[in-house]
Every structure is written in C-alpha cells, then in structure tokens.
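What follows is each chain in one-letter form.
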Amino acid sequence: MPTLTYRDALNQALREEMQRDPGVFLMGEEVGVYQGAYKVSRGLLEEFGPMRVVDTPIAELGFAGIGVGAAMAGLRPVIEFMTWNFAVLALDQIVNSAAKILYESGGQIPIPLVFRGPNGAALQLAAQHSQAWEAWLSHIPGLKVVAPATPADAKGLLKSAIRDNNPVIVLEGEMLYNTKGEVPESEHLVPIGRAEVKRPGREVTLVSYSKTVGVALKAAEQLAEQAGVSAEVLDLRSLRPLDEAAIVESVARTNRAVVVEEGWPHCGVGAQVVDVIQREAFDHLDAPVLRVTQADVPMPYNKQLERLAKPTPEKVVAAARRVLYLD
Amino acid sequence: MATATAQTAKEQSHVELERRMLRQMLLIRRFEEKAAEAYALGKIGGFCHLYIGQEAVAVGSLAALRDDDYVISSYRDHGQALARGVSANAVMAELFGKVTGCSKGKGGSMHLFDVERRFMGGHGIVGGHIPLAAGIGFAIKYRGGDQVCICYFGEAAVNIGAFHEALNMASVYKLPVIFCCENNRYGMGTAFERVAAVTDVVEHACSYDMAAELVNGMDVLAVHAATQRAVERARGGGHPTLLEVRTYRYMGHSMSDPLHGVYRTKEEVEEQKKRDPISQLALKLKEEGVLDDARLDALDAEARAEAEAAVKFAEESPDPDPAELHSDVLAD
C-alpha cells in the first residue's frame with residue numbers, strides 16, 4: 001500500500017472523483033493557478049481546466065452561494081475555504097441555504113455539495129485564524145460533518161462526501177496536511193457516520209477526532225508506559241451523524257471515558273459525546289466522563305500561552321488518571 | 001400579401017400575449033386578496049408578503065422566459081410562482097401549510113418551490129438567494145446549455161454584501177443571469193433613499209461592468225420587452241443584466257405590517273394606485289379595440305373563481321402526516 005501525505009490523499013480523492021464524474025468541480029480562493037493555499041489542489045487545473053477548477057475572488061459568502069446554486073441545478077460542487085475561519089462569512093449559505101433547501105422544498109431539491117478546508121488551530125496564527133468550528137457546524141440538521149485524522153480516512157471520507165447527495169462539511173487538519181500514512185489505491189471509500197478504533201484498549205476510552213486522534217494516541221502510549229494502563233483510542237471520524245453505537249460499545253467495555261476535542265468547552269462536541277454516554281451507557285460507567293478541550297479563551301499568539309490553551313497528551317493523561325482514580 | 005398576413009399573425013399573437021398577461025395579473029391580484037382574507041381569519045400563519053401592485057413585474061418578465069429557464073425569488077414569491085404556472089391550488093395550499101402545497105406544507109409562503117417548473121424557491125434571508133442565482137447560471141454555463149436564470153429581489157437587498165459578491169462573480173464568469181430588482185421603494189418601513197447612498201439601483205451595474213436597464217414596473221409590456229433584451233444577452237453569450245424595475249406595493253411589507261402610517265402617507269399610496277398595472281393594460285387593450293368590458297369582466301370573474309377554488313382546495317386538503325416532520329432532512 002503506498003504511503004501518502006494527508007494533503008496528497010485529499011488531492012488523490014479530488015482527482016479520482018473529478019475523473020469519475022464530470023459534474024464534480026472545485027471552486028475557491030487560490031485553488032487553480034496558485035495550486036491551492038495548502039497545495040491540496042496541486043495539478044488539478046492542468047488536468048481539468050478552468051471550468052472545473054475555478055479561482056474565485058475573496059468573497060466566501062458569494063462563492064459558497066454559487067456552490068449551493070450549482071448543486072440545486074444538479075452539479076456536485078466542492079467548495080474550498082482557505083480556512084474555516086473565513087467560512088464564517090459564508091455561514092448564511094451553509095446554514096440557511098445548503099442545509100435547508102431540501103427540507104423547505106418538501107424534498108424536491110437535494111444539495112449534493114462539499115464544503116472543505118482546514119479547521120482548528122495551527123501554530124501561532126492568533127485568535128482569528130485558530131478556531132475549531134465543528135460544534136457550530138455539527139449543530140445544524142441537514143448537514144453532515146466529517147473530520148478525518150489519517151491520510152487514508154481523509155481520502156476515503158472526501159470521496160464519500162463528494163458522492164453523497166447532501167451538503168457535507170469536511171474539516172481538514174491544517175497541522176495534518178504533512179502527516180503520512182498508508183492509503184489504499186482507487187476505490188477507497190470510508191462510510192460517513194462510522195467511527196473506528198485506532199488503538200484497542202481495555203481500561204479507558206479516549207474519544208477523539210481529527211488532530212486530537214494523534215494527541216489521544218500519544219496519551220495512550222504514555223499511559224501504557226507510565227502506568228501500565230490499557231487505553232482505547234476511538235476516532236469518531238464523523239461528527240454528524242455521530243456513531244453512537246461505537247461510543248457505547250467501547251465505553252461498555254472500558255467503563256471509563258475521556259473526550260479529547262479541539263473546540264472550546266461550552267456546548268462543544270464533547271458535550272454531545274458525554275450526553276450519549278450518560279444516556280446509553282450509564283450503568284457501565286465507573287467514573288464521571290471528563291473532557292479535554294481548548295482553553296475557554298480566544299487563542300493567544302504567544303507560543304507558551306498557545307501551548308497552554310491546546311489539548312495535549314499530558315492533559316489527556318492527567319484526565320485519564322483521574323477517571324481511573326490513580327491520583 | 002404574404003407579408004401582410006404574417007404581420008397580422010404577429011399582431012394577433014401579440015394581442016394573445018397581452019390578454020394572457022392581463023389574465024395572469026388578475027389571477028395574482030385576486031389570489032393575494034384571498035390570501036389576505038385567509039390570513040386575517042388565521043388560516044395562514046407566520047409571515048405572508050403580498051404582491052399586490054407589483055403584478056406586472058413577475059408577469060411581464062416571466063412571459064419572456066422559456067419553460068427550461070430557471071426562476072428564483074425572495075420571500076415575496078407568490079406572484080412569480082403563479083406567473084410561472086404553479087397552480088393557484090398548490091400555492092394556496094402551501095400558504096395554508098397543507099400537504100398538497102407545492103412544498104408539501106413544509107416551506108410556507110416564503111418558500112414556494114416547484115422543481116418541474118424550475119421554480120427554485122422563495123428564499124427568506126434578504127439577498128441570500130442572489131448568489132444561488134449565480135450558481136444556477138454557473139451550472140447552465142458549465143453544461144454548455146442555453147437557458148437563463150432570472151432572480152427577483154427587492155431594492156433593500158442591494159445594500160447587502162451578497163448582492164455585490166454575486167453580481168461581481170456573474171460578470172467575471174459571464175453567467176446567463178438576469179438580476180431583476182423590484183424597486184418598490186420601501187424595505188419594510190424604510191424608504192430606500194434613507195439608507196442607500198446610490199438610489200438608482202441600475203448605477204450599481206457600472207461597478208460590475210454589467211448591462212443594465214431602468215424599467216417602468218407598472219407597465220407590463222415595458223417589463224416584458226426589457227426582459228426579452230436581457231434574455232437575448234444572456235442566451236447568446238452569457239452576459240448578465242441588472243434590471244431595476246420601479247414598482248409599488250399597495251399592502252404593508254407583510255400581513256403583520258400597516259399599509260401606511262409612519263413611513264408613507266395614505267395619499268402616496270392612493271396616488272400610486274392611479275398607475276395600477278392591471279388598469280393600465282386593460283385600458284390600452286380597450287383603446288386598441290381588442291378588449292371590451294364584458295370580456296374584461298369575464299377574465300376577472302375567471303380569476304376570482306380560480307382564487308376562490310384555491311382557498312376551498314387548501315381548506316379541504318389534509319395537514320402533512322406527522323411522519324413528515326423527520327423526512328426530507330437528508331437525501332438518500
């Protein structure tokens with residue numbers, strides 16, 4: 001199996017789906033001539049031409065709306081946001097148009113559309129460029145939301161998203177673009193709504209997604225080395241729909257859980273996961289479920305402060321030790 | 001002789017078109033009057049924005065379109081839906097929230113849809129649907145089609161960013177879209193000149209290197225002719241047009257709002273009614289000797305009967321099944 005970066009896995013998914021379906025096109029800022037702000041679209045303009053790889057002005061609301069309109073007329077747009085921070089300007093189109101037109105038309109007009117781009121904090125980009133939007137987006141009925149952690153899942157989920165007949169939000173990790181992993185060739189589809197155990201364990205479940213999967217895996221290693229604890233790492237992969245069965249199945253075995261998320265604590269994705277656990281696995285729990293989140297502050301620029309604000313393996317280890325009553 | 005016959009046939013078909021447009025305007029007028037009654041009786045809920053006074057805009061412009069062209073509108077969408085051929089029954093049933101409505105009772109007054117007639121919705125956020133029109137235009141061009149998309153919005157939408165982003169991109173990408181601004185002078189209770197630095201909407205087209213035309217929206221034939229020119233530009237080479245159609249709404253912004261008072265006078269409304277688009281067209285046809293009072297009364301009676309039948313149909317239609325609550329959230 002070839003080893004690819006997360007970036008190239010996404011590129012491969014786009015290329016394969018554009019080859020497969022002439023209705024698929026890519027639109028966004030710098031996707032064509034410049035080859036993509038993060039080079040996810042490298043080579044696509046040369047292969048597919050300017051009608052299918054479309055550079056836009058800096059007008060997120062406008063080109064997100066063009067995507068929705070094109071989907072209404074039956075195309076399969078992939079709309080790239082340079083980052084999800086800028087997509088806030090397009091929320092009206094995502095929330096009021098993409099997510100609602102099928103319902104308010106009484107089922108007449110599906111919106112087969114992908115909105116994708118990097119989400120979450122990178123390094124020292126400060127408050128406006130370091131935000132995790134998954135709680136906002138996962139709140140909305142009519143949308144699907146995926147957040148792949150590995151190159152293989154990035155490829156498989158993006159391909160599934162493009163083929164889906166609904167608006168799908170693909171949250172990519174800016175810090176993940178250079179990470180490498182084995183990626184199956186061609187028809188590799190990861191179903192939306194299916195979590196995966198990335199490291200099996202027996203004593204505590206670390207629920208994670210996107211960039212926090214890596215944080216949880218490191219924490220699991222440290223727990224094994226430092227305390228002989230067997231931690232399971234569950235990668236949600238999809239945040240809407242949420243694979244509730246996989247969460248319950250894991251917690252029913254381990255009896256303890258820590259949720260590791262990139263967003264802020266208040267009304268975050270982890271709160272939803274905790275709701276599932278208390279509702280469906282109450283009798284299996286041996287300790288309250290804890291959450292490791294970004295600090296409840298706008299992201300600071302200073303390197304030390306930024307590190308303090310982010311979820312880290314050490315914070316996850318500390319939370320796991322608490323639910324195991326080791327401290 | 002052949003030329004004379006052709007000329008007569010052409011005139012005849014134009015008279016037919018004018019009569020058809022008169023009939024459509026009458027239907028919209030009578031339909032909206034019935035909707036107002038039903039709203040007052042509590043049979044229609046929520047927001048309900050009536051089209052009375054603006055009939056010539058939808059009727060004149062849509063008469064210039066083909067069946068395979070696309071139409072998209074704001075929340076003041078009853079007139080366009082009816083002029084596009086969505087049945088009065090399906091529109092009224094939608095206003096009543098019934099399952100026989102054109103959106104199965106799930107959209108209501110502001111969200112009329114009929115995909116078979118390429119009626120791509122009424123949309124409720126001011127200006128939010130203008131980029132959607134550009135997207136539909138993009139899809140037409142992408143496929144190499146020769147359809148056009150017409151997009152209706154009020155003058156108040158011109159102050160929102162979505163309008164400017166959409167016009168810029170439609171011009172840059174050369175999309176076959178007709179942006180039809182129905183300037184009825186007031187955004188709810190705010191006169192346009194109080195909130196717009198540039199009060200001639202057509203002037204905005206200069207910023208986007210776009211063709212534009214100022215149109216008398218109380219003259220259905222002027223609207224029809226201007227739209228025909230815009231359609232020609234769009235079909236041929238994908239050149240978008242901004243039409244500013246000056247019109248007037250006789251009713252309040254929505255059924256919950258006053259007809260006049262703090263923001264406009266009763267006298268102004270009465271003065272505007274003298275330009276009534278239906279009366280003007282009827283008068284013209286009578287002067288030309290192609291319509292008499294009896295024929296006009298018959299057309300009006302037909303329109304009234306159709307609107308009344310629509311109310312009856314809506315009243316007798318069932319509510320959506322409770323299971324409909326959870327359907328249509330996601331497509332298969």
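Residues numbered from 1 in each chain as written. Chains lettered and ligands numbered in written order. Predicted model: local features only at pLDDT ≥ 70, side-chain atom pairs only at ≥ 80, totals over all residues.

### Examining the overall build of chain B
Looking only at helices and strands, chain B has 12 helices and eight strands in total. The globule rule puts the C-alpha radius of gyration for 332 residues at 20 Å, and the 20 Å found for chain B is close to it. A principal-axis box enclosing the C-alpha atoms of chain B has dimensions of 55 × 50 × 45 Å. In chain B, buried positions account for 53% of the 332 residues. A sequence separation of at least 24 residues applies to 76% of the contacts in chain B between residues at least 6 apart. (Helix = DSSP H or I, 4+ residues; strand = E, 2+ residues; numbered from the N terminus. Rg over C-alpha atoms; globule rule 2.2 N^0.38 Å. Buried ≥ 20, exposed ≤ 12 C-beta atoms within 10 Å, placed from the backbone. Contact = placed C-beta atoms within 7 Å.)

### Here we look at the overall build of chain A
Of the regular secondary structure elements, chain A holds 13 helices and 14 strands. Over its C-alpha trace chain A gives a radius of gyration of 20 Å, about what one expects of a compact globule, namely 20 Å for 327 residues. Seen through its principal axes, chain A has C-alpha atoms that stretch 60 × 45 × 40 Å. Per-residue burial for chain A yields a buried fraction of 59% across its 327 residues. Long-range pairs, those at least 24 residues apart, make up 79% of the contacts in chain A with a sequence separation of at least 6.

### What about the packing of helix α3 (residues 60-72) of chain A against helix α6 (residues 161-172) of chain B?
Where α3 of chain A meets α6 of chain B, the closest approach of the two axes is 8 Å, and the angle between their N-to-C directions is 65 degrees. Relative to α6 of chain B, the element α3 of chain A is oriented roughly perpendicular. In terms of crossing hand, the pair formed by α3 of chain A and α6 of chain B is right-handed. For the pair formed by α3 of chain A and α6 of chain B, the contact residues are Leu61, Gly62, Phe63, Gly65 and Ile66 of chain A on the first element and Gly161, Ala162, Glu165, Ala166 and Met169 of chain B on the second. Of the residues that constitute the contact of α3 of chain A with α6 of chain B, the class distribution is six nonpolar, three polar and one charged. (Axes fitted to C-alpha atoms, helices over the stretch in contact; angles between N-to-C directions. Parallel < 35°, antiparallel > 145°, perpendicular 65-115°, else oblique. Left-handed = near helix turned anticlockwise from the far one by under 90°. Nonpolar A, V, L, I, M, F, W, Y, C, P; charged D, E, K, R; others polar.)

### Quick look at the sheet that holds strand β14 (residues 290-292) of chain A
Residues and elements named next belong to chain A. Across the sheet, five strands lie side by side as β9-β11-β10-β13-β14; this open sheet has mixed pairing. Every other strand in the sheet has two partners, leaving β9 (196-199) and β14 as the edge strands with one partner each. Averaged over all neighbouring strand pairs, the angle between strand axes comes to 30 degrees, with direction disregarded. (Pairing = 2+ DSSP bridges.)

### Digging into the interface of chain B and chain A
In this assembly, 34 residues from chain B lie in contact with 35 residues from chain A. Elements with a contribution of two residues or more to the side of chain B that touches chain A: β2 (119-122), α5 (130-142) and α6 of chain B. The element that contributes the greatest number of residues to the side of chain B that touches chain A is α5 of chain B, accounting for 10 residues. For the side of chain B that touches chain A, the per-class residue count stands at 20 nonpolar, nine polar and five charged.

### Describing unusual backbone geometry
Cis geometry marks the peptide bond from Arg240 of chain A to Pro241 of chain A, where omega comes out at 0 degrees. Take Pro241 of chain A: it is sitting in the loop between β12 (238-240) and α10 (244-254). Phi is positive for Ala126 of chain A, close to 70 degrees, though the residue is something other than glycine. With respect to the secondary-structure elements, Ala126 of chain A resides in the loop between β5 (113-119) and α7 (134-138). Residue Lys104 of chain B is not a glycine yet carries a positive backbone phi of 60 degrees. Its place among the elements puts Lys104 of chain B in the loop between α4 (88-95) and β2. Lys104 of chain B sits in the buried class, given 24 other C-beta atoms within 10 Å.

### Here we look at the confidence of the model for chain B
When the pLDDT values of chain B are averaged, the result is 96; 98% of them are 70 or greater. Across the predicted assembly, pTM comes out at 0.97 and ipTM at 0.97. (pLDDT = per-residue confidence, 0-100.)

### Focus: the sheet that holds strand β3 (residues 149-154) of chain B
Residues and elements named next belong to chain B. Judged by pairing direction, the sheet is parallel, and its six strands sit side by side in the order β2-β1-β3-β4-β8-β7 without closing on themselves. Either end of the sheet is taken by a strand with one partner, and the two such strands are β2 and β7 (211-216). Mean inter-strand twist for the sheet, computed between neighbouring axes without regard to direction, equals 15 degrees. The pairing of β7 with strand β8 (residues 241-246) spans six bridges and is parallel.

### Concerning the nonpolar core
Considering soluble globular proteins, one finds that nonpolar side chains tend to be buried as a cluster. Ranked by internal contacts, the top residues of the largest apolar core, which has 207 residues, are Leu206, Val258 and Ala320 of chain A together with Cys151 of chain B. Not counting the four nearest positions on each side in its chain, Val258 of chain A is found in contact with Val204, Leu206, Leu290, Val292, Val316, Ala319, Ala320 and Val323 of chain A. (Core = buried A, V, L, I, M, F, W, Y, C linked by C-beta atoms within 7 Å.)

### What about the environment of Thr247 of chain B?
Residues and elements named next belong to chain B. Looking at the element boundaries, Thr247 is found in the loop between β8 and α10 (266-273). Owing to 27 C-beta atoms within 10 Å, Thr247 belongs among the buried residues under this scheme. Sequence spacing of Thr247 and Val262 is 15 residues, and the spatial spacing of their C-alpha atoms is 20 Å. Not counting the four nearest positions on each side in its chain, Thr247 is found in contact with Gly53, Gln54, Val57, Glu182, Asn183, Asn184, Gly217 and Met218.

### Notes on the packing of α3 of chain A against helix α5 (residues 91-98) of chain A
All names here are of chain A. It is at 8 Å that the axes of α3 and α5 come closest, and there the two elements cross at 25 degrees. Of the possible angle classes, the one that applies to α3 and α5 is roughly parallel. Residue-level inspection shows Leu61, Ala64, Gly65 and Val68 of α3 in contact with α5, the latter providing Asp92, Gln93, Ile94, Ser97 and Ala98. Its residues assigned to classes, the contact of α3 with α5 comprises five nonpolar, three polar and one charged.

### Comments concerning the environment of Ala161 of chain A
Residues and elements named next belong to chain A. Within the secondary structure layout, Ala161 lies in helix α8 (residues 151-163). Between the C-alpha atoms of Ala161 and Leu113, which are 48 residues apart in sequence, the distance is 7.9 Å. Not counting residues up to four positions away in its chain, the partners in contact with Ala161 are Val114, Val146, Val168, Val170 and Ile192.

### Some words on α10 of chain A
Since one α-helical turn is 3.6 residues long, residues separated by three or four positions face the same way. Residues and elements named next belong to chain A. If you check which residues of α10 are buried, you get Ala246, Ile247, Ser250, Val251 and Thr254. Buried residues of α10 fall within an arc of 120 degrees about the axis and therefore sit on the same side. Packed against the buried residues of α10 are β9, β10 (204-208), β11 (231-235), β13 (257-260) and α11 (269-280). Phi for Asn255, located one or two positions after α10, is positive at around 70 degrees. (Arc of directions from axis to C-beta.)

### Focus on the pairing of β5 of chain A
All names here are of chain A. When you tally the buried positions in β5, you get seven out of seven residues, the bulk of the element. Sheet analysis places strand β4 (residues 76-80) next to β5, joined by three bridges and oriented parallel. Bridge pairing links Glu80 to Arg116 in β5.

### With respect to helix α2 (residues 55-62) of chain B
Counting buried positions along α2 of chain B yields eight of eight residues, so the element is predominantly enclosed. Looking only at α2 of chain B, the buried set comprises Glu55, Ala56, Val57, Ala58, Val59, Gly60, Ser61 and Leu62 of chain B.

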